[in-house]
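Observations on the three-dimensional arrangement
Residues per chain are reported as follows:
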Amino acid sequence: MVGKVSERVLLREGLERTDNGMKLTTWPDVTPINQKNYYTDYMKRDDQILALRLQNDATRDRLVQNARDRDRILSKPANGELPLPVPDLAEEDGAATPSGGVDPSRIIVIHPGSQNLRIGFASDALPKTIPTTLATKFPQTESEMYEALPRRQFEAKTADQQYGEEWTKKYQKMSGELKVEMRANKRKVLPNSKELVQTFNRRTEAEVIEKHNDPLEIEWTDVKTLEDPDSLASCFIGSEALRVPDDSDPKFKLWWPIRHGWWNEDDYTSQEHLYDDFETLLDKALRQDLGLKTNSEWQQYSCVFVIPDLYDKRYVEQILRSCMTWFEFNRVCFVQESLAATFGAGYTQACVVDVGAQKTSVTCVEDGLIMEDSRINLKYGGYDMTETFMKMMLFDNFPYQEINLQRRYDFLLAEELKIKHCTMSQADISVQLYQFHVRAPNQPTRKFAFKTYDEVILAPMGVFDPSIFDNSTKLRGRRKLVERSYNAYDVEIPDDPTPAAQLAILALVKPSLTSTAVNGPSQSQQDVSTPSREKPQFNFLGKGDGATATPAESHAGSPAPEGSSTPVPPPFVFGAGREGVNGESPAPGGTRAAGTPVPSQSQAPTGMFVDSQERSPTSIAAERESVLPVAPLDIAILTSIQNAAKGDDKKLRDLLGSIMVIGGGSKIPQFTVVLEEKLKARRPDLIDRILVSRSARDMDEQVVSWKGASVFAKLSTNDSWISPFEYERLGARTLHHKVLWAW
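Residues numbered from 1 in each chain as written. Predicted model: local features only at pLDDT ≥ 70, side-chain atom pairs only at ≥ 80, totals over all residues. Heavy atoms only, no water.

**A word on helix α12 (residues 382-395)**
Between its first and last C-alpha, α12 extends 20 Å over 14 residues, near the 20 Å set by a 1.5 Å rise per residue. Burial runs high along α12: 14 of the 14 residues are buried. Looking one or two places after α12, you find N397, whose phi comes out positive at around 65°. (Helix = DSSP H or I, 4+ residues; strand = E, 2+ residues; numbered from the N terminus. Expected span 1.5 Å × (residues − 1). Buried < 20%, exposed > 50% of the residue type's maximum accessible area, 1.4 Å probe, protein only.)

Given below as structure tokens:
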């Protein structure tokens, strides 16, 4: 062992110490913590979170002000008389004091949709309704740029070739099923009704009406009245935009910022153009329809913004950014559509079915909270009914064969025909004679007579068989401009909400997604995908155990057939066949609503689940987004309710008995009656519990969500307001602390 070496030896070897003993850094030394016993209160107290601290400060300031007002009243008796006793002002949260209240005429409520924007003050009885579109100068109109709607092969000789053999078979199959159903209901069905309609429509000629004889002449928008003709940013919005003539000089193009319930990325080339159009639309609506002409006025108003139940986080963050930086509102808060609908209808518990123009959402709400796993967003609505109705009429020799929904006046005509003639009542199905007028700019009005038969019921019935709709372009351009949101702490994990019910609908459309749902990272997905955890009475169909892949048993005790020849459908499929929906017998072997065989979990190839675990969350999210969420409405409602109930039999029955239908697409006559019949056919064991109703108080279905948002805006104890100060400090992160649901 070498001993201590003398300094002389170190000097000889050139290893002597030459430093002065100073530290290499002035940074203070941190003593290691005792890992066996340490504690921190970082971010564990309310006063360390800015949003909660400001909220507590505002409450304290309000109480101080109330006390001062009370003392001032007591200290100044009038005419020497004794002052009247002042009622004690309640100091707990929830006191509806005049000082704590909000003037509803200073709150703007905004509810944007794919086809209409509803905007107004919280004090208004009804909102202003504005089509969600802008018309700007452009070298081509939309009818010149895009393919004609409904899509058809104009050069084809026969109707089958013109509309496609597959669609023709679906249409004829629906017609045949309707005849069978009407005969079963003892309704008169003439065998040659279709031929009568087609023959009459083929021979009908247009009658020209001179301009001075047309009492309902349309007043078209004069393009010379544009606010600033030299500016490219000048535009018309809403009804004015729809009334711009297609042959105007200069030409105008319609832009729709929102399509199918999300940003319209397909028609736009840049994110800035998309966001600017949406902000311009709101800007002009505030100025023209609400009378707030100057930007300085906007700073005195608060805003309640209605967002979808199943939202993209990027969408909400962009809306917040626009409200704070472009409009500079005093405060902003967000409320989800279905929650607002329950406020508007006065319900505490409901399954809200919102049939919009281009999307249909199904969500269960209980006690002022949305059940997150029950949210479903389907990409069809009233516009699809309009397009399919016109397609069916054209197939039956509609006299106005050149109709094109990309033209503005034709789009308005088609909407008018759908509103007037479409119904879901079988009692109204017979050969009927109607008339309509084609009013085009700079052309004489043409009057047509036409006959209808079953087209008026088959088009709206498409919500129970969405394959009849044209779904070919609804996902085109998705994620082209706006990226998906990612987790702030793990940038590889997508952050948009993925409810179990929506995943079930996607798995119904594309069964291969089931393996991803079973092995995905979300615990909620695993819960839904393991039906053995559920109570047996919730098995709408016989379900396979996600853990053991053995077929489930029915309530009657008869086991499901085993073996490789009878695969079991995924656990979410509720419409697999009428014989399996009772819950009293096992599921039919591997069938879905569309009749496509479903692979059994027990037959999964070796390594399939391992591969799905190794895949990145981003690729799994991309695969889900490549599937268009389209499913029959009755199956979607049952899927949503089961995911909301989660094994609670009482909650299941309560939700089935409180289904509320809202939205403009549901204004078809007898819509709720037919939907209730379809649900009872799916669940005959609960036939006495199922109840489908419209919103209470005879309110227009289109404005229920807006009305509920205005009621929400008047609440004195609303902790979800976001101030510009909070947004300046925290940005979009303040949503985590402010919104009323788990962000």
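**A closer look at the confidence of the model for the protein chain**
Averaged over all residues, the pLDDT of the protein chain is 84; the fraction at 70 or higher stands at 83%. Per-element mean pLDDT across the protein chain ranges from 39 in helix α17 (residues 523-529) up to 98 in strand β1 (residues 107-112). Here residues 88-100 is a poorly scored stretch, pLDDT under 50, and it has 18 contacts once near neighbours within four places are set aside; other chains count. Low confidence marks residues 518-610, where pLDDT is under 50. Its contacts with residues over four positions away, or in another chain, come to 164 contacts. (pLDDT = per-residue confidence, 0-100. Contact = heavy atoms within 4.5 Å.)

**Side note on the nonpolar core**
L633, I637 and F671 are the most contacted members of the largest nonpolar core, which totals 90 residues. Residues in contact with F671, not counting those within four places in the same chain, are V355, M385, M424, V463, L633, V661, G665, S666 and R694. (Core = buried A, V, L, I, M, F, W, Y, C linked by side-chain atoms within 4.5 Å.)

**Quick word on the sheet that holds strand β17 (residues 445-452)**
Overall, antiparallel pairing links the three strands, which are arranged β5-β17-β16 in an open sheet. The open sheet has two edge strands with one neighbour each: β5 (207-209) and β16 (432-438). Put simply, the sheet's adjacent strands are angled 30° from each other on average, direction ignored. Pairing analysis gives three bridges linking β5 to β17, with the strands arranged antiparallel. Within the sheet, the bridge partner assigned to E207 lies in β17 and is K447. (Pairing = 2+ DSSP bridges. Axes fitted to C-alpha atoms, helices over the stretch in contact; angles between N-to-C directions.)

**Here we look at the packing of helix α11 (residues 337-345) against helix α23 (residues 704-713)**
When two helices pack together, you describe them by how their axes are tilted relative to each other and by the distance separating the axes. Axis separation between α11 and α23 bottoms out at 6 Å; the angle between their running directions is 80°. As the angle between them shows, α11 and α23 are arranged roughly perpendicular. Across from E337, A340, A341, F343, G344 and A345 in α11, the residues of α23 making contact are V704, S705, K707, G708, A709, V711 and F712. (Parallel < 35°, antiparallel > 145°, perpendicular 65-115°, else oblique.)

**With respect to the side chain of S374**
For S374, the location among the structural elements is in the loop between β14 (369-370) and β15 (376-378). Among the residues examined, S374 registers a relative accessible area of 0% and is labelled buried. When near neighbours in sequence (up to four residues on either side) are disregarded, S374 contacts V362, T363, C364, A501, S640, N643 and A644.

**Thoughts on the sheet that holds β1**
Pairing in this open sheet of five strands is mixed, and the strands run β3-β2-β1-β10-β11 from one edge to the other. Either end of the sheet is taken by a strand with one partner, and the two such strands are β3 (128-131) and β11 (331-336). Within the sheet, the average angular offset between the axes of one strand and its neighbour, ignoring direction, is 20°. Inspection of the sheet shows strand β10 (residues 302-307) paired to β11 by six bridges, in the parallel sense. From the neighbouring strand, S302 faces β11, where its bridge partner is R331. Here α23 sits on the sheet and contacts β1, β2 (116-121), β10 and β11; the angle it forms with β1, its principal contact strand, is near 150°.

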